[in-house]
Amino acid sequence: MAVFQKTDSSATDAALAYYTPGADIHDTKAPRGPIEKKWAQRQFGAKLVNPANRRKLTVIIVGTGLAGGAAAATLGEAGYNVLNFCYQDSPRRAHSIAAQGGINAAKNYRNDNDSVYRLFYDTVKGGDYRARETNVYRLAEVSTNIIDQCVAQGVPFAREYGGLLDTRSFGGVQVQRTFYARGQTGQQLLIGAYQALERQVNAGTVTMYTRHEMVELIVKDGKSRGIITRDMVTGEIKPWFADAVVLATGGYGNVFFLSTNAMGCNNTAAWRAYRKGAYFGNPCFTQIHPTCIPVHGETQSKLTLMSESLRNDGRIWVPKKAEDCVKDPRQIPEEDRDYYLERIYPSFGNLVPRDIASRQAKNMCDEGRGVGPEVTEVTQDGTTQQRRRGVYLDFSDAIGRLGKKSVETKYGNLFDMYAQITGENPYETPMRIYPAVHYTMGGLWVDYDLQSSIQGLYVCGEANFSDHGANRLGASALMQGLADGYFVLPNTINDYLASGPYETIDENTPEAAEALASAKARVEKLLAVKGSRSVDSFHKELGAIMWEYCGMERTEAGLQTAIAKIRELREEFWRDVRVTGVNEDFNQALERAGRVVDFMELAELMCIDALHRRESCGGHFRRESQTEDGEALRHDDEFAYVAAWEFGGDGAKPILHKEPLSYEFIELKQRSYK
């Protein structure tokens, strides 16, 4: 477990009205010494479990995406008894399947001077120096194994004419390290992990439970010992017990209602763990993706992403003159187009990191040079304005240079998706894109072993905070999920399991009985309100508050307003929500209601975290903290730390623990992509 020390609590920022200072975190279990030797040292220093003893140990894994599926397959292969849960009807429906563009690895196949250290450097810099060095270096180090693993599983990565694996560039880098399978990389990688998982299901080491949603965590004597699930078909609420629990449940982008996440994506598993004592790290660090199909109506329930890989050959621009915004883009001459990313960031051009590309798109539209239909917006001061929220992603140059067939070979399925959704042909007319919520860098706090502040509770993939800092580089999500699941967790969890099997518990154990009763009571409470408003109406209103006040730009006054509005909305929810049906049935209204309850509490913590961090870094942009040319301005003397939040109790303030970030192997400096 981490070591804590008391710290000075004399901070004077406005956020102190909303939180309580706690103890600092000074030990993350990362070994000392040269960074390139730390992972090997930790692997050797971890205690081992005799193969014959592994059959006596049970591990619960929640989630079947790349992180969860890979972890379940690997631990099952090692001989542990694995119980694997997901709320989908098949592990193949996990949201990892939606990832399009690619997966990073420092293989240097292009001979363009890539290396493990360069991937490490690019990731820390891309995260605006708010990630833990040790975890990021390990991620870069094991990335090279991932590609070999996936090729062995039969993942059909794109190949060059000579048969070598092909790579392309993604934002924030100047090398080509992204391996891909057209625009279906996530799907192909998930099928590979699924095959490995199903092999272990067939072997009997993994037992799969689909359509089961985790609704509570069981903690006994400070150790995670199981979960409570609700069968989404029958409504049965039931406890499950294990020696350790792994959460691989993805991110919380749907707190914004409109996001690129699948509608089922939620934060309930992580939030239930937070309420039982697991720290939540950097909740305000959310990623806005610059390449999304713009919102097209008030009845929309989700957004669709156009892969960042399109920025390899597509050029982003807006008209130089506002009066040209209503014209057909093909009628706007070259000299009247502003390729603003190429103009502002000549070194990286259209491949700047996502936070920068997103913010500049917003700036262009704020200047009145956006394209597409006008939309009415309510500003933070309560006034309304008409804005066009879109910029062009244009492939005319690439088609002229490479030919339509070549572009179709690389991006054809993405172009088809765009045409089906918008009714426009992107081979003839530039795509219209605008930033949207995509990924969350925040998540449950973990140490170097991926163990949370609760012993025996491990967290993998997007559900933890550990690798991306304040902004994730494109194609690094798949890399982290598979790194955690295949290579990191299986080499660290044995250090904890070596002390097991732990004391046998059952549903009569007081802690388990309390968790079960709590889950049932929450369902009964939701069904008993019988108000007049639908669950979705509350979720949509919450999302509007979060996008306006805690989205691409944040201010002190706006965040305080958001906190007040969220609290009012939560009170109204418990007075007036209408949850139809009964528990003992397939009840999607009840499912969504439970998730929205947790989103409302999370939203408040996100705003408190954003309010307390009085700096701009990565995707967290405070209007009060920017350079003269409008870039994010960090304050390393005050905020070079991970904000790890502890649940203070119902009605009480959350407690802030700080994990100082020290940079021994990378120079801490202002980011520049110019």
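Each chain carries its own residue numbering, running from 1 in the written order of its sequence. Given that the model is predicted, a residue must reach a pLDDT of at least 70 before its local features are reported, and side-chain atom pairs must reach 80 or more before they are shown or counted; all residues, however, enter totals for whole chains, interfaces and linings. Excluding hydrogens and water, the side-chain values take into account all heavy atoms of the structure.

What follows deals with the packing of aromatic side chains. Any two rings among Phe, Tyr and Trp, with Trp reduced to its six-membered ring, count as a pair given centres within 6.5 Å; such a pair is stacked if its planes are under 30 degrees apart, edge-to-face if over 60, and tilted if neither. Scanning all chains against the criterion turns up 29 aromatic pairs. Ring centres of Tyr 19 and Trp 645 lie 5.3 Å apart, and the angle between their planes is 90 degrees; on these two criteria the pair is classed as edge-to-face. Pair noted here: Tyr 19 is in the loop between strand 1 (4-5) and strand 2 (20-21) and Trp 645 is in strand 26 (residues 641-646), with a separation of 626 residues, a long-range link. Any residue under 20% of the maximum accessible area for its type is buried, any over 50% is exposed, and the rest in between are partly exposed; the area is computed with a 1.4 Å probe on protein chains only. Assessed through its relative accessible area of 3%, Tyr 19 is described here as buried. Judged by relative accessible area, Trp 645 falls into the buried class, the value being 0%. When the ring of Phe 85 is compared with that of Tyr 209, the centres are 4.9 Å apart and the planes differ by 15 degrees; the resulting orientation is stacked. One end of the pair, Phe 85, is in strand 5 (residues 81-85); the other, Tyr 209, is in strand 9 (residues 206-209), and 124 residues separate them in sequence. Overall, Phe 85 belongs to the buried group, its relative accessible area being 1%. Numbering of helices and strands runs from the N terminus; a helix is a DSSP stretch of H or I covering at least four residues, while a strand is a stretch of E covering at least two.

Note on pairing: two strands pair once DSSP finds at least 2 bridges between them. Ordered by their spatial adjacency, 3 strands build an open sheet running 10-11-12, and the pairing between neighbours is antiparallel. Of all strands in the sheet, those with a lone pairing partner are strand 10 (212-220) and strand 12 (237-241), marking the two edges. Strand after strand, the sheet turns through a mean of 30 degrees between neighbouring axes, direction not considered. When strand 11 (residues 223-231) meets strand 12, the two strands line up antiparallel, connected through 5 bridges. When the sheet's bridge partners are listed, Ile 228 is paired in strand 12 with Pro 239. Note on definitions: angles span 0 to 180 degrees between N-to-C directions of axes, and those axes are lines fitted to C-alpha atoms, for helices only across the stretch in contact.

Take the nonpolar core next. Take the buried residues of types Ala, Val, Leu, Ile, Met, Phe, Trp, Tyr and Cys, join any two whose side-chain atoms come within 4.5 Å, and each joined set is a nonpolar core. With 190 residues, the main nonpolar core has Ile 103 and Leu 247 as its most contacted residues. Broken down by element, the residue count for this core peaks at 15 residues, all from helix 16 (residues 588-612). For this analysis, residues touch if any pair of their heavy atoms sits within 4.5 Å. Discounting chain neighbours no more than four positions away, the residues touching Ile 103 are Ile 146, Ile 147, Phe 157, Arg 177, Thr 178, Phe 179, Thr 185, Leu 189, Ala 475, Leu 478, Met 479 and Leu 482. Counting residues in each nonpolar core, the second largest holds 5 residues, with Ile 332, Tyr 339, Val 371 and Tyr 392 among its members.

Here we come to the sheet that holds strand 6 (residues 103-104). Reading across from one edge, 6-8-7 is the order of the 3 strands in this open sheet, with antiparallel pairing throughout. The open sheet has two edge strands, strand 6 and strand 7 (167-168), and neither has a second partner. Across 2 bridges, strand 6 lies against strand 8 (residues 178-179) in antiparallel orientation. Residue pairing for strand 8: Asn 104 is matched across the bridge by Thr 178.

With that settled, consider the pairing of strand 5. Most of strand 5 is tucked away: 4 of the 5 residues are buried. When the strands point away from the viewer, a crossover counts as right-handed if the path from the first strand over the helix to the second runs clockwise. The handedness of the strand 4 (residues 58-62) to strand 5 crossover, carried by helix 3 (residues 66-78), is right-handed. Of the strand pairs in this sheet, strand 5 and strand 9 are connected by 4 bridges, and their pairing is parallel. When the sheet's bridge partners are listed, Val 82 is paired in strand 9 with Val 206.

For the rest of this paragraph, the subject is the domain arrangement of the protein chain. Where each domain begins and ends is defined by an automated method or by a domain database. If you check the domain split of the protein chain, you get domain 1 (290-437) and domain 2 (509-636). A C-alpha centroid distance of 30 Å is found between domain 1 and domain 2. Taken together, the 16 residues of domain 1 in the interface contact 14 residues of domain 2. By definition, the buried area sums, over both parts, the 1.4 Å-probe accessible area that each loses when the two are put together. Carbon and sulfur atoms supply 47% of the area buried between domain 1 and domain 2, which totals about 1,100 Å² over both sides. Salt bridges are counted wherever a side-chain nitrogen of Lys or Arg sits within 4 Å of a carboxyl oxygen of Asp or Glu. Summed over the shared surface of domain 1 and domain 2, the number is 0 salt bridges. Under this definition, polar contacts are N or O atom pairs within 3.5 Å; protein pairs additionally need one hydrogen-donor-capable and one acceptor-capable atom, and for neighbouring residues in sequence, both atoms have to be side-chain atoms. The interface formed by domain 1 and domain 2 holds 3 residue pairs in polar contact (both at pLDDT 80 or more) in total. Elements with a minimum of two residues in the side of domain 1 that touches domain 2: helix 9 (354-366) and strand 21 (431-440).

Throughout the structure, instances matching the rule amount to 58 salt bridges. Notably, a salt bridge pairs Glu 342 with Arg 315, separated by 2.8 Å at the nearest N-O pair. Taken together, the positions of Glu 342 in helix 8 (residues 340-344) and Arg 315 in strand 16 (residues 315-319) put the pair 27 residues apart, joining distant regions of the chain. Classification of Glu 342 as partly exposed rests on a relative accessible area of 27%. Where Arg 592 meets Asp 536, a salt bridge forms, and the shortest distance between an N and an O atom there is 3.1 Å. Placement of the pair is Arg 592 in helix 16 and Asp 536 in helix 14 (residues 535-550), with a sequence separation of 56 residues. By relative accessible area, which is 31% here, Arg 592 ends up partly exposed. By relative accessible area, Asp 536 is classed as partly exposed at 31%. Salt bridges sharing partners connect three or more residues here, namely Asp 128, Arg 130, Asp 355, Arg 359, Arg 613, Glu 615, Arg 634, Asp 636 and Arg 671.

Right, let's talk about helix 5 (residues 133-153) for a bit. In a regular helix each residue adds 1.5 Å, so 21 residues correspond to 30 Å; helix 5 covers 31 Å between its end C-alpha atoms and thus fits that length. At the C-terminal side of helix 5, Gly 154 shows a positive phi close to 95 degrees. Helices are assigned an expected span. That span is 1.5 Å times one less than the residue count.

Turning our eyes to something else, we now look at unusual backbone geometry. A cis geometry characterises the amide bond from Gly 500 onward to Pro 501, with omega recorded as -5 degrees. Mapped onto the secondary structure, Pro 501 falls in the loop between helix 12 (477-497) and helix 13 (510-529). Not every positive phi belongs to a glycine, and Lys 530 is a case in point at roughly 55 degrees.

Let us look at the state of the cysteines. A pair of sulfur atoms, both from cysteines and within 2.5 Å, is called a disulfide here. Applying the stated criterion to the full structure yields 0 disulfides. Cysteine Cys 284 remains unbridged, with the sulfur of Cys 550 as its closest cysteine sulfur at 6.6 Å. Cys 284 sits in the buried class, given a relative accessible area of 0%. No disulfide involves Cys 365; its nearest neighbouring cysteine sulfur is the one of Cys 325, lying 8.4 Å away.

A polar atom in the side chain of Arg 315 sits 2.8 Å from the side chain of Glu 342. Ignoring anything within four residues of it in the chain, the contact list for Arg 315 reads Glu 334, Tyr 339, Glu 342, Asn 350, Tyr 392, Leu 393, Asp 394 and Asp 397.

Let us now look at helix 14. Over its 16 residues, helix 14 extends 22 Å from the first C-alpha to the last, a length consistent with the 22 Å expected when each residue adds 1.5 Å. All of the buried residues along helix 14 are Val 535, Phe 538, His 539, Leu 542, Gly 543, Ile 545, Met 546, Tyr 549 and Cys 550. One face of helix 14 carries all of its buried residues, which in axial projection span an arc of 160 degrees. Directions from the helix axis toward the C-beta atoms define the arc.

A few words on the packing of helix 14 against helix 16. Direction vectors running N to C along helix 14 and helix 16 enclose 20 degrees, while the axes themselves pass 10 Å from each other. Relative to helix 16, helix 14 is oriented roughly parallel. As for the relative orientation of helix 14 and helix 16, their crossing is left-handed in sense. On helix 16, the residues that touch Val 535, Asp 536, Phe 538, His 539, Leu 542, Met 546 and Cys 550 of helix 14 are Ala 589, Arg 592, Ala 593, Val 596, Phe 599, Met 600, Ala 603, Met 606, Cys 607 and Ala 610. Amino acids are sorted into nonpolar (Ala, Val, Leu, Ile, Met, Phe, Trp, Tyr, Cys and Pro), charged (Asp, Glu, Lys and Arg) and polar (every other residue, Gly among them). Split by residue class, the contact of helix 14 with helix 16 holds 14 nonpolar, 1 polar and 2 charged. Note on terminology: angles under 35 degrees are roughly parallel, angles over 145 are roughly antiparallel, angles of 65 to 115 are roughly perpendicular, and the others are oblique. With the far helix as reference, a near helix turned anticlockwise by less than a right angle produces a left-handed crossing, and one turned clockwise produces a right-handed crossing.

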